[in-house]
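Fold and geometry: a report
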Amino acid sequence: MKKAFFLDRDGVINEEGDPVTGVLFEPEKVRLTPGAAEAVKKIHEAGFLAIVVSNQGGVAMNWYTMEEVYAVEKRLCELLREEGGHAPDAFYYCPHHRKGVVAEYSIYCENRKPAAGMLLKAAKQWDIDLSSSFMIGDRFTDMQAGENAKCAKCCFVLTGHGRTDEEKVLQEGRFPVKNNLLEAVTFLLEEFG
Ligand SMILES: [Mg+2]
Ligand SMILES: [Zn+2]
């Protein structure tokens with residue numbers, strides 16, 4: 001079986017988009033977080049898969065389309081390669097939101113974090129042992145998704161929305177908090193890899 005690092009996308013690999021809403025759908029606005037390319041490289045060198053699991057409820061909200069989500073993904077992969085790393089092995093998205101306005105996407109979906117759907121689906125498709133895998137995110141719901149999937153450890157980063165959920169995560173006490181993706185990857189490999 002394989003092992004994986006499950007990574008949230010926005011606020012973890014790339015910076016949040018719009019300063020107010022955090023929405024990111026224009027490829028030219030994609031910016032990597034510090035050390036992101038090195039982090040993904042390190043994941044691969046350690047023999048893990050890098051799998052992105054990202055809520056994109058903005059599709060249900062009609063803020064952007066799945067085509068725009070894929071355009072951002074393409075740009076993100078280009079930037080990771082340009083900085084000497086390489087692209088993640090797979091991207092999983094949940095475009096759904098219960099309170100959306102686009103009918104086909106406005107449903108409850110078991111893939112939307114904090115539910116574990118995307119991680120479970122990836123585990124099945126890639127033959128991943130979740131108990132030797134990790135989740136890294138900048139939201140408390142990322143930590144919950146990793147726990148719901150029974151990952152070995154979930155690590156919180158302070159990039160993106162990190163400062164918003166930091167207090168809650170610290171109160172919970174069981175999630176290591178790191179400054180960015182690279183620090184989180186380095187820590188998890190040293191302590192639990
Ligand atoms: Mg995020
Ligand atoms: Zn969904």
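Residues numbered from 1 in each chain as written. Chains lettered and ligands numbered in written order. Predicted model: local features only at pLDDT ≥ 70, side-chain atom pairs only at ≥ 80, totals over all residues.

When helices and strands are tallied, the protein chain shows six helices and six strands. Along the protein chain, helices and strands appear, N-terminal first, in the series β-α-β-α-β-α-β-α-β-α-β-α. A compact globule built from 193 residues would reach a C-alpha radius of gyration of about 16 Å, and the protein chain, at 15 Å, matches this within 12%. Considering only C-alpha atoms, the protein chain reaches an extent of 45 × 35 × 35 Å along its principal axes. Counting across all 193 residues of the protein chain, residues that qualify as buried make up 45%. Contacts spanning at least 24 positions in sequence make up 66% of the contacts within the protein chain whose residues lie at least 6 apart. (Helix = DSSP H or I, 4+ residues; strand = E, 2+ residues; numbered from the N terminus. Rg over C-alpha atoms; globule rule 2.2 N^0.38 Å. Buried ≥ 20, exposed ≤ 12 C-beta atoms within 10 Å, placed from the backbone. Contact = placed C-beta atoms within 7 Å.)

The parallel open sheet is built from six strands, whose spatial order is β3-β2-β1-β4-β5-β6. Since the sheet does not close on itself, it has two edges, and those belong to β3 (90–94) and β6 (177–178), each with one partner. Judged from the five bridges that link them, strand β2 (residues 49–55) and β3 form a sheet pairing that is parallel. Across the sheet, V53 pairs through a bridge with Y92, a residue of β3. (Pairing = 2+ DSSP bridges.)

All right, on to the environment of T33 then. Along the chain, T33 turns up in the loop between β1 (4–7) and α1 (36–45). Linking T33 and F134, residues 101 residues apart in sequence, is a C-alpha distance of 19 Å. If we skip the residues at most four places from it in the chain, T33 touches V12, I13, N14, E15, T159, N180 and L181.

Restricting attention to buried positions, one finds in helix α5 (residues 162–172) the residues G162, D165 and V169. For α5, the angular spread of buried residues about the axis comes to 85°, placing them on one side. More than 90 degrees from the buried face of α5, the exposed residues found are R163, E167, L170 and Q171. In this structure, the buried side of α5 is in contact with α4 (140–148), β5 (153–157) and β6. Downstream of α5 by one or two residues, G173 has phi in the positive range, about 80°. (Arc of directions from axis to C-beta.)

Looking now at the environment of V169. Looking at the secondary structure, you find V169 in helix α5. Taking the C-alpha atoms as reference points, V169 and Y93, 76 residues apart in sequence, are found 24 Å from one another. When neighbours within four sequence positions are excluded, V169 is seen to be in contact with F140, M143, F156, F175 and V177.

Further remarks concern α1. Each full turn of the α-helix corresponds to 3.6 residues, which orients residues three or four apart in the same direction. For α1, the set of buried residues is A36, A37, A39, V40 and I43. Projected down its long axis, α1 shows its buried positions confined to an angular sector of 165°, all on one face. Where α1 is buried, its residues meet β1, β2, α2 (66–82) and α6 (181–192). The first or second residue beyond α1 is G47, which carries a positive phi of 85°.

The two faces of the sheet receive side chains in turn, since in a regular strand these alternate between them. The element β5 is extensively covered by neighbouring structure, given that four of its five residues are classed as buried. Taken together, the four bridges between strand β4 (residues 134–137) and β5 define a ladder with parallel strand orientation. Bridge assignment links G137 to a residue of β5, and that residue is F156. As a crossover connection, the stretch from β4 through α4 into β5 is right-handed. Here β5 runs beside β6; their pairing, made up of two bridges, is parallel. Paired with V157 across the bridge in β6 is K178. What joins β5 to β6 is α5, and the crossover it makes is right-handed. (Right-handed = clockwise from strand over helix to strand, strands pointing away.)

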